[in-house]
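# Chain and residue survey
Take a look at the letters that make up each chain.
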Amino acid sequence: MGAQGLRIAASGLSVRLRDGRELLSGVDVDVPPGTMLAIAGPSGAGKTTLLEELASGHPPGTIGFVPQDDIVHLDLPLARTLTYAARLRLPAGSSAGEVAAAVDRVLTTLGLAARAGQRVGWLSGGERKRASIAVELLTRPRALFLDEPTSGLDPASGARLLSVLRRLAASGTTVALTTHNPADLAHADEVLFLADGRPVYRGPSDELAEAFGVPGIEEVYGIDHSASPSVPAPAASASSVLPAATPVIPGAPDTPALPGTTSTTSTTSTTATTATPAGPDTPAAGPPGRPPGAFRQWWLLTRRAAAILTRNRLSAAVVVGSPIMIAAMFAMLFRPHAFSPGSDNPGTTAMIMFWIAFGAFFFGLTYGLLQICTELPIVRRERRTVLRLGPYLASKITLLLPILAAADALLLLVLRATDRLPGASSGVYGSLFVSTLLASAGALTLGLLSSAAVSDPGQATLMLPLLCFPQVLFSGAFVPVPQMGAVGSGVSWAMTNRWAYESLGRGIGLDALWAHGSSPLGPPLLASYGRTFTGSAAVGWAWLGGYALLFLAATWLVLARKCGRAVRR
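Residues numbered from 1 in each chain as written. Predicted model: local features only at pLDDT ≥ 70, side-chain atom pairs only at ≥ 80, totals over all residues. Heavy atoms only, no water.

Moving on, we get to the overall build of the chain. When helices and strands are tallied, the chain shows 19 helices and 10 strands. Counting the 569 residues in the chain, one finds 52% classified as buried. In the chain, 78% of the contacts between residues at least 6 apart in sequence involve partners at least 24 apart. Within the structure as shown, the chain displays about 23500 Å² of accessible surface, and the carbon and sulfur contribution to it stands at 62%. (Helix = DSSP H or I, 4+ residues; strand = E, 2+ residues; numbered from the N terminus. Buried < 20%, exposed > 50% of the residue type's maximum accessible area, 1.4 Å probe, protein only. Contact = heavy atoms within 4.5 Å. Areas by Shrake-Rupley, 256 points an atom, 1.4 Å probe, with all protein chains shown as cover.)

Here you go:
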């Protein structure tokens, strides 16, 4: 049975940034089915941009795209990681047997069957790269695009990986890759060498150095190609030193532009063509089926996130241990009976309410800060195929909000059991629980937004104090809102901790406690807070819920922008 590959062609492909700078200029590409193209050139030559352009606009499942970063979760066993990926990518209604068969097939094809039960994080660099390729092969793509696949690998591992890609090309899959390693070029059928965004050579790798009159391929990288004259290749050779940028073709069909670019004017095409006979590991690829719907995606993503959380012992320990530790510290910090009518320090009650509010905020923020930035390359790649951002974000909320509810309930129970909170009706404690849960939800979505906005976990960690400090200063606890300056009072409206603090104070009845307490400090203290604790806690709930929705919508927008050109369905 023959495998169908894609013929990838582009004529006069150009990409410009909004500031007018060209990333690509006049690139012509023609990759027949079942062949392997290596895109080479010095750093900044436009290799990745060209690869992105060639890979854009295809239906899900038609192509595979492997970025430089690993696109597999490190905490799960390899086979389980691939199973989740298969359930997400294969057509809706695929049976468990079909999913298992797809996973077994790619493991065998890439020589990873013996590593099926091993945690991905324990694999070698070359094995992890093959695992990323395995994810893409689950849907039997007709073309495979790889960005710097041998980057970071030792020469032997890189050569083994390229041999795998060579076999895939021989079985009918069109392969295009970028590389900065001269040794990689020998494995390709054709080399396209870029300099300053324009093609300067196209042909076999063994003629590259000769075309520029240098002894080795390494020397080609050091040539000032902007000053190099165009040298025609020998008539008998298929290689050619290409002239400087060819004219952009006006009126060409639209091609989706990279983020930060204006438009791409070019003529591009990809066509399915019957290629060489396929081996047993690469049967013919049919048209991609309907992907799982939103509900199915949400359920799969929630299960995967839960599996990752439970398999990562450090994350699980932080999730479980931090509420216990914070509740214990609060119990040690405050003396009991602060809410008794005869207490000589009613100000303590305000501090207890503040630290409960901040504890709920801290739980939510820390749980959310590392949720997206640690898997952003995976999200980007899955977004290119089938991933919907709504179910993805919903899976995070579904997994983490019950955990936060348990943490908030634990905090309130410990403080009540140790008499740091007063005896009160179930309605009062229900109000306190709703306030803390909404505070955690607002902080969780703020953490997700920050996690989506940063580039790596290190930046997310640095965000923690920057996000916490304003919540402490402008909450109205240490400086009551009526006593703040005009600017500070305005800033306090944007602090979720202010609304959590006020809701907790209203729920516990601080205004009534201070007004009727026996301490002479009661009325003056109450006066400094004005009407902060007067009214219904539901006002604060509305603000907290509104901010949670706002942060969640902003997270969606940031992710949509970061994922760039996602497939539009």
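Anyway, onward from the coordinates.
Phi is positive for E148, which is not a glycine, with a value near 50 degrees. Summarising the element assignment, E148 is placed in the loop between strand 5 (143–147) and helix 5 (155–170). A positive phi angle is found at H337, which is not glycine, with a value near 65 degrees. Topologically, H337 is positioned in the loop between helix 9 (313–333) and helix 10 (347–369).

This brings us to a nonpolar patch on the surface. Residues M325, M329 and M332 make up a contiguous nonpolar surface patch of roughly 350 Å² in combined accessible area. In this fold, M325 is placed in helix 9. (Patch = residues over 30% accessible without salt bridge, like charges linked within 9 Å, V, L, I, M, F, W, Y side chains within 5 Å. Salt bridge = Lys/Arg side-chain N within 4 Å of Asp/Glu carboxyl O.)

Between helix 16 (residues 496–508) and helix 19 (residues 537–562), the least distance of the axes is 8 Å, while the angle of their chain directions is 155 degrees. Between helix 16 and helix 19, the angle is such that the two are roughly antiparallel. In terms of crossing hand, the pair formed by helix 16 and helix 19 is left-handed. Contact residues: T496, W499, A500, S503, R506 and G507 in helix 16; A537, V539, G540, W541, W543, L544, Y547 and F551 in helix 19. Split into classes, the residues belonging to the contact of helix 16 with helix 19 amount to 9 nonpolar, 4 polar and 1 charged. (Axes fitted to C-alpha atoms, helices over the stretch in contact; angles between N-to-C directions. Parallel < 35°, antiparallel > 145°, perpendicular 65-115°, else oblique. Left-handed = near helix turned anticlockwise from the far one by under 90°. Nonpolar A, V, L, I, M, F, W, Y, C, P; charged D, E, K, R; others polar.)

Attention shifts here to the packing of aromatic side chains. Enumeration over the complete set of coordinates arrives at 19 aromatic pairs. For the pair F354 and Y501, a centre-to-centre distance of 6.3 Å together with 80 degrees between the ring planes defines the contact as edge-to-face. Here F354 is found in helix 10, whereas its partner Y501 is found in helix 16, with 147 residues between them in sequence. With 5.4 Å between their ring centres and 65 degrees between their planes, W493 and W499 make a pair best called edge-to-face. Under the relative-accessibility criterion, W493 is labelled partly exposed at 41%. Grouping aromatic residues by their ring pairs yields a cluster made of F330, F354, W355, F358, F361, F362, F478, Y501, Y529 and F533. Above the plane of the ring of F65 lies R384, whose end atom (NZ or CZ) is 4.3 Å from the centre. Above the ring of W499, the side-chain terminus of R498 is found at 4.3 Å from the ring centroid. (Phe/Tyr/Trp six-rings, centres within 6.5 Å; stacked < 30°, edge-to-face > 60°. Lys NZ or Arg CZ within 6 Å of the ring centre and 35° of its normal.)

What follows concerns the nonpolar core. Core analysis: the largest hydrophobic core is formed by 70 residues, its most contacted members being M353, I356, L421, Y501 and L559. Every residue in contact with L559, bar those within four places of it in the chain, is listed here: I372, L376, V379, L389, Y392, L393 and A452. If you look at the next biggest cluster of nonpolar residues, it comprises 52 residues, including A38, L78, L82 and V135. (Core = buried A, V, L, I, M, F, W, Y, C linked by side-chain atoms within 4.5 Å.)

For the rest of this paragraph, the subject is a positive patch on the surface. Taken together, R80, R296, R303, R311 and R313 make up a surface patch of like positive charges. At 3 residues, helix 8 (residues 294–311) tops the list of elements feeding residues into the positive patch. The residue R80 is located in helix 2 (residues 78–89) in this model. (Lys, Arg positive; Asp, Glu negative; His and termini not counted. Charge placed at Lys NZ, Arg CZ, Asp CG, Glu CD.)

Distances and angles like these do not, on their own, reveal function.
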